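# Secondary and tertiary structure notes
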Amino acid sequence: MPIYVYECQNCKKTTQVRAKMSDSAPKLCNHCQAQDTMQKVIAPTAFQLQGGGWFAQGYSSSSGASGGSSGSSE
Ligand SMILES: [Zn+2]
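Residues numbered from 1 in each chain as written. Predicted model: local features only at pLDDT ≥ 70, side-chain atom pairs only at ≥ 80, totals over all residues.

### Quick notes on the overall build of the protein
A count of helical and extended segments in the protein gives 2 helices and 3 strands. Going residue by residue from the N terminus, the α and β elements of the protein occur as β-β-β-α-α. Per-residue burial over the protein gives 7% buried out of 74 residues. Taking the intrachain contacts of the protein between residues at least 6 apart in sequence as the baseline, contacts between residues at least 24 apart amount to 40%. (Helix = DSSP H or I, 4+ residues; strand = E, 2+ residues; numbered from the N terminus. Buried ≥ 20, exposed ≤ 12 C-beta atoms within 10 Å, placed from the backbone. Contact = placed C-beta atoms within 7 Å.)

Quick look at the structure:
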């Protein structure tokens, strides 16, 4: 499930929301309780930080084709 980042136009704080594509922005700011101030922002760094673990694990477990016998012929 994708994570969207919304910034409050009132207090300028960001909120991460796990939502589907069809879902809209949150009505209420979690920080200042202002209504209809949430604006979706693009934050690619947030995805990189949270996704740092899974691809490292998948990288080592996949493709075990090389190194069966110790190198006779290709
Ligand atoms: Zn706010």
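Back to the write-up after that little detour.
### What to know about the nonpolar core
In globular proteins that are soluble, nonpolar side chains generally tend to be buried together. Grouped together as the largest cluster of nonpolar side chains are 5 residues: Tyr4, Tyr6, Cys8, Cys29 and Met38. In terms of residue count, the dominant contributor to this core is strand 1 (residues 3-8) (3 residues). The contacts of Tyr4, once residues within four sequence positions are left out, are Val17, Ala19 and Lys40. (Core = buried A, V, L, I, M, F, W, Y, C linked by C-beta atoms within 7 Å.)

### Comments concerning the sheet that holds strand 1
The 3 strands are arranged 2-1-3 in an open sheet whose pairing can be described as antiparallel. The open sheet has two edge strands, strand 2 (14-18) and strand 3 (38-41), and neither has a second partner. Direction aside, neighbouring strands of the sheet carry axes that sit 40° apart on average. The sheet contact formed by strand 1 and strand 3 spans 4 bridges and is antiparallel. From the neighbouring strand, Cys8 faces strand 3, where its bridge partner is Met38. (Pairing = 2+ DSSP bridges. Axes fitted to C-alpha atoms, helices over the stretch in contact; angles between N-to-C directions.)

### Regarding the environment of Gln33
Following the sequence through the fold, Gln33 ends up in the loop between strand 2 and strand 3. When the 11 C-beta atoms within 10 Å are taken as the criterion, Gln33 is described as exposed. Considered as a pair, Gln33 and Asn10 are 23 residues apart in the sequence and their alpha carbons are 9.5 Å apart.

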